[in-house]
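Descriptive analysis of the structure
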Amino acid sequence: MSKKEFIDSKILKSSEISSKLAVWNFKSKKIVFTNGVFDLLHLGHIDYLSKAKDLGDILVIGVNSDVSAKRLGKGSNRPITNELSRSTLIAALGFVDAVILFDEDTPYNLIKVVQPDVLVKGADYKPEEIVGYDVVTAKGGKIETIEFLEGYSTTKIENKIKEI
């Protein structure tokens with residue numbers, strides 16, 4: 001298997017994750033889930049995602065599809081990069097185990113499928129406000145928040161490019 005094929009094999013449809021979850025659960029792996037658009041991958045993303053991986057054995061990332069990302073109201077020009085590019089870049093990170101695109105406004109249904117042991121979002125959220133809080137806590141899982149790395153955001157990068 002080539003390196004690119006390996007990366008592509010980590011990008012799954014929600015219907016394909018079940019067999020991987022079964023293996024991971026059988027092996028008693030702690031599954032961590034987070035989600036985002038991850039437009040213009042930057043140091044802040046790497047910091048956040050690597051810290052999320054530190055919370056368990058398996059890191060599953062839900063990535064907003066292009067149509068889902070557009071509905072988030074980040075601007076008419078967002079996402080800047082398409083879902084294939086964004087999901088492939090995230091899957092290329094060595095510490096990422098699976099990437100799943102989702103079309104809904106939130107990853108709630110995906111969280112119900114994954115049933116993570118740990119649900120992670122940025123510290124700008126209160127744990128009880130995080131989508132999927134009810135699903136994860138009902139099974140005895142944990143909700144964790146991670147501080148963002150100061151000075152790094154896609155919006156800042158986008159604005160800097162516009163100044164050039």
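We now turn to the structure provided with this report. Just so you know, these numbers come straight off a predicted model, no measurement behind them.

1. Structural notes on the environment of Ile157
For Ile157, the location among the structural elements is in helix 8 (residues 154-163). Note on Ile157: relative accessible area 30%, which makes it partly exposed. The sequence separation of Ile157 and Leu93 amounts to 64 residues, and the corresponding C-alpha distance is 21 Å. Leave out the neighbours within four places in its chain, and Ile157 touches Leu40 and His42.

2. A closer look at the nonpolar core
Trp24, Val60 and Val114 are the most contacted members of the largest nonpolar core, which totals 19 residues. For this core, the elements supplying multiple residues, two or more each, are helix 2 (17-26), strand 2 (31-36), strand 3 (58-64), strand 4 (98-102), helix 6 (108-114) and helix 7 (133-138). Excluding its chain neighbours within four sequence positions, the residues that come into contact with Val60 are Trp24, Ile31, Val32, Phe33, Thr34, Ala98, Ile100 and Val114. Ala52, Ile90, Val118 and Val120 belong to the second-largest nonpolar core, a separate cluster that totals 17 residues.

3. Description of the pattern of salt bridges
Applying the stated criterion to the full structure yields seven salt bridges. Between Lys53 and Asp97 there is a salt bridge, and its shortest N-O distance comes to 2.6 Å. Here the residue Lys53 occupies a position in helix 3 (residues 43-53), and Asp97 occupies one in the loop between helix 5 (83-91) and strand 4, the gap between them amounting to 44 residues. Take Asp97: its relative accessible area is 23%, and that puts it in the partly exposed class. The partner of Asp66 in a salt bridge is Arg86, with the nearest N and O atoms 2.8 Å apart.

4. A look at the sheet that holds strand 3
Taken in spatial order, the six strands line up as 1-4-3-2-5-6 in an open sheet, and their pairing is parallel. Edge positions in the sheet fall to strand 1 (11-12) and strand 6 (142-146), since each has one partner strand and no second. As judged from the five bridges shared by strand 5 (residues 118-122) and strand 6, these two strands associate in the parallel manner. When the sheet's bridge partners are listed, Val118 is paired in strand 6 with Lys142. Helix 3 rests against strand 2, strand 3, strand 5 and strand 6 of the sheet, and its axis sits at about 140° to strand 3.

So, how was this worked out
Residues numbered from 1 in each chain as written. Predicted model: local features only at pLDDT ≥ 70, side-chain atom pairs only at ≥ 80, totals over all residues. Heavy atoms only, no water. Helix = DSSP H or I, 4+ residues; strand = E, 2+ residues; numbered from the N terminus. Buried < 20%, exposed > 50% of the residue type's maximum accessible area, 1.4 Å probe, protein only. Contact = heavy atoms within 4.5 Å. Core = buried A, V, L, I, M, F, W, Y, C linked by side-chain atoms within 4.5 Å. Salt bridge = Lys/Arg side-chain N within 4 Å of Asp/Glu carboxyl O. Pairing = 2+ DSSP bridges. Axes fitted to C-alpha atoms, helices over the stretch in contact; angles between N-to-C directions.

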